[in-house]
Protein chains: 2
Amino acid sequence: MSRREKVSMSVIRRLPRYYRFLIHLKEKGVTRISSTELSTKLGLTASQIRQDLNCFGGFGQQGYGYIVSQLCDEIGNILGLSGKYPTILFGAGNLGRAIGTHMSFESEGFRLIGIFDNSPERIGMELANLKVRDVAGLEEFCKKEKPVMAIFCVPRTAAGELAEQLYNLGIRNFWNFSHYDLSMRYPDAIVENVHLNDSLMTLCYRISDQSAK
Amino acid sequence: MSRREKVSMSVIRRLPRYYRFLIHLKEKGVTRISSTELSTKLGLTASQIRQDLNCFGGFGQQGYGYIVSQLCDEIGNILGLSGKYPTILFGAGNLGRAIGTHMSFESEGFRLIGIFDNSPERIGMELANLKVRDVAGLEEFCKKEKPVMAIFCVPRTAAGELAEQLYNLGIRNFWNFSHYDLSMRYPDAIVENVHLNDSLMTLCYRISDQSAK
DNA sequence: TAGATTGTTAATCGATTAACAATC
DNA sequence: TAGATTGTTAATCGATTAACAATC
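Residues numbered from 1 in each chain as written. Chains lettered and ligands numbered in written order. Predicted model: local features only at pLDDT ≥ 70, side-chain atom pairs only at ≥ 80, totals over all residues. Heavy atoms only, no water.

1. Concerning the relation of the copies chain B and chain A
Quick note on the threshold: Overlaid copies result from least-squares superposition on C-alpha atoms, with residues included only where pLDDT is at least 70 in both. Contact definition: two residues touch when any of their heavy atoms are within 4.5 Å.
Each copy of the sequence occupies a distinct position, and chain B is placed on chain A by a rotation of 180° and an axial shift of 0.0 Å, giving an RMSD of 0.0 Å. Put plainly, the chains are arranged around a two-fold axis. Across chain B, the smallest distance between a C-alpha and the rotation axis is recorded for A98 of chain B, namely 3.2 Å. Interface residue correspondence from chain B to chain A reaches 100%, placing this contact among same-surface, isologous pairings.

2. As for the sheet that holds strand β8 (residues 173-176) of chain B
All names here are of chain B. This is how the line gets drawn: Between any two strands, pairing holds if DSSP finds at least two bridges. Helix and strand labels come from DSSP, where a helix needs a run of H or I of at least four residues and a strand needs a run of E of at least two; each type is numbered from the N terminus. For helices, the axis comes from a line fit to the C-alpha atoms of the stretch in contact; other axes are also lines fit to C-alpha atoms, and the angle between any two N-to-C directions lies between 0 and 180 degrees.
Read across the open sheet, the seven strands follow the order β5-β6-β4-β3-β7-β8-β9; overall the sheet is mixed. Two strands lie at the open edges of the sheet, namely β5 (126-127) and β9 (190-193), each paired on one side alone. Running at roughly 175° to strand β7 (residues 149-152), helix α7 (residues 156-168) makes contact with β3 (85-90), β7 and β8 of the sheet.

3. Re the protein's contact with DNA strand D
Note the threshold: Any residue with a heavy atom positioned within 4 Å of a molecule or strand is treated as near that molecule or strand. The definition of a polar contact used here is a pair of N or O atoms within 3.5 Å, where within protein one atom must be able to donate a hydrogen and the other to accept one, and adjacent residues in sequence count solely through side-chain atom pairs.
Around DNA strand D there are 26 residues in total, and S35, R50 and Y66 of chain A together with S47 and Q51 of chain B lie nearest to it. Within 4 Å of the protein, atoms of DNA strand D come from sugar and phosphate in 56% of cases. Within the backbone of F59 of chain A, a nitrogen or oxygen atom sits 3.2 Å from a phosphate oxygen of DNA strand D. The contact in question runs from a phosphate oxygen of DNA strand D to an N or O atom on the side chain of Y66 of chain A, over 2.8 Å. Counting only elements with at least two residues in the surface near DNA strand D, the list comes to α3 (46-53) of chain A together with α1 (9-28) and α3 (46-53) of chain B. Here the surface near DNA strand D takes four residues from α3 of chain B, the largest share from any one element.

4. Side note on the protein's contact with DNA strand C
Not every one of the 26 residues close to DNA strand C is listed here, only the nearest: S47 and Q51 of chain A together with S35, R50 and Y66 of chain B. Each atom of DNA strand C within 4 Å of the protein was assigned to sugar, phosphate or base; sugar and phosphate come to 56%. At a separation of 2.5 Å, a base oxygen of DNA strand C approaches a polar side-chain atom of Q51 of chain A. In the environment of DNA strand C, a phosphate oxygen lies 3.2 Å from a nitrogen or oxygen atom belonging to the backbone of F59 of chain B.

5. Quick word on the packing of aromatic side chains
Residue and element names in this part refer to chain A. The criterion, for reference: Two rings from Phe, Tyr or Trp (for Trp, the six-membered ring) form a pair when their centres sit within 6.5 Å of each other. Planes less than 30 degrees apart are called stacked, planes more than 60 degrees apart edge-to-face, and all others tilted. A 1.4 Å probe rolled over the protein chains alone gives each residue an accessible area, and that area as a share of the maximum for its type sets the label: buried under 20%, exposed over 50%, partly exposed in between. Only when the NZ atom of a Lys or the CZ atom of an Arg is both within 6 Å of the ring centre and within 35 degrees of the ring normal do we say a charge sits over the ring.
The tally for this structure, following the rule as stated, stands at 16 aromatic pairs over all chains. When the centroid spacing of 4.5 Å and the interplanar angle of 20° are considered together, the rings of Y167 and Y186 count as stacked. Pair noted here: Y167 is in helix α7 (residues 156-168) and Y186 is in the loop between α8 (182-185) and β9 (190-193), with a separation of 19 residues, a long-range link. When the centroid spacing of 4.8 Å and the interplanar angle of 70° are considered together, the rings of W175 and F177 count as edge-to-face. When its relative accessible area of 10% is taken as the criterion, F177 is described as buried. Put simply, the rings of F90, F116, F141, F152 and F174 touch in pairs and so form one group of aromatic residues. A cation over an aromatic ring shows up here: R172 above the ring of Y167, its NZ or CZ 3.5 Å from the ring centre.

6. Observations concerning the pattern of salt bridges
Just so we agree on the cut-off: Any Lys or Arg side-chain nitrogen found within 4 Å of a carboxyl oxygen on Asp or Glu counts as a salt bridge.
Considering all chains together, one arrives at 22 salt bridges over all chains under this definition. Close ionic contact of D117 of chain A with R122 of chain A constitutes a salt bridge, the shortest N to O distance being 3.2 Å. Classification of D117 of chain A by relative accessible area gives buried; the value is 5%. Looking at R122 of chain A, the relative accessible area reads 30%, which means it is partly exposed. Of the charged contacts in the structure, one is a salt bridge between E139 of chain B and K143 of chain B, with a shortest N-O distance of 2.8 Å. Placement of both E139 of chain B and K143 of chain B in helix α6 (residues 138-145) is noted, with a separation of four residues, approximately one turn of the helix.

This is the structure:
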């Protein structure tokens, strides 16, 4: 993958969608696709798709289109899905358990190597082929295993202290389900927020707004 | 709340963030705040905050700023959080259980009235003060209880058939955790997608991109 | 009144769409 | 070659930021 200008988040957020759809096409045995076909299937413009892809290189052939399997691999590489970044998860409550088990970490560029909680009834629990550990042993664990990404499935109140500890241990990448504002506090960290409550409120707005018509 | 022009999604997606922060301020006993203060706390520009709020009305006072509790209430109303829309959840797997229990539906404009699954070992399970029902009884349930929103915590493969059934039963609002593309199939539906895998891939890209420097 | 801060208009910036020359 | 479709430049559209008059 060649050196590139900074690509905008709007583009980056569309890449997984392209990737998923191309996997789907590959499974169906489709070998070739044009930007126009892609655009109607995904509800975008052909122009946008070509612009997006050309942020990373010219993957198509004029007059022919794109080779599905090739484009799929290219996007997989761009996304860095072969990274297998060692990752630790915090919080073995309902959400933590869902994230720990539900996600197939092996296929998304991450590898779950540890789960932590601070509640006695959760420590020792089996989850996603791992034993839930006591947060007390975090520092030792990190020095040994060198995780690079942390998932926050803890309440907001617990997140602040935890974040500081992890930041001091050198972790800079976070998948954050808590409402603690990591990126405000640590501007050099890479933070991907999933705020389920916000998502739900947004939906609530749209429903209310619709029915007000 | 007065009649308004169509507000862009960019604005709408910031509203929950404002709302959460104002709740926080209210709890701390702060009574008054200016757009400038808000902007530094939230990492936005003061201009943007004023523009956003003025999509819905002039909630401030020149020379003074905004009254925290009043603005908080206004945004709560705009979001429609008092709606209490009756909602049904599909899928009592890990994610479904997390969503069903973890979210405090009562406070976000929705009210969970039913949980459905099709697997015998889940049907009858207790979850979020509800018994998991057999999908077979869905039609009857809907005709009686008139849910308006459906949450999809089912695999992609199950989503298509389910969506069609629900659409035919008149449901037009979806909180979709599956990778089935609801909005492509039903353009008049209001769909809020939460694609956890996409979120994770986006994070993967950013980490790879960062370390490539 | 003087100072502060909003509401709102104008300027800028960035993202999307359109157009078309290059080329397979 | 003729037809198709890309890669890329130019035009448009929308969102963010800046500026400032209104006014508390």
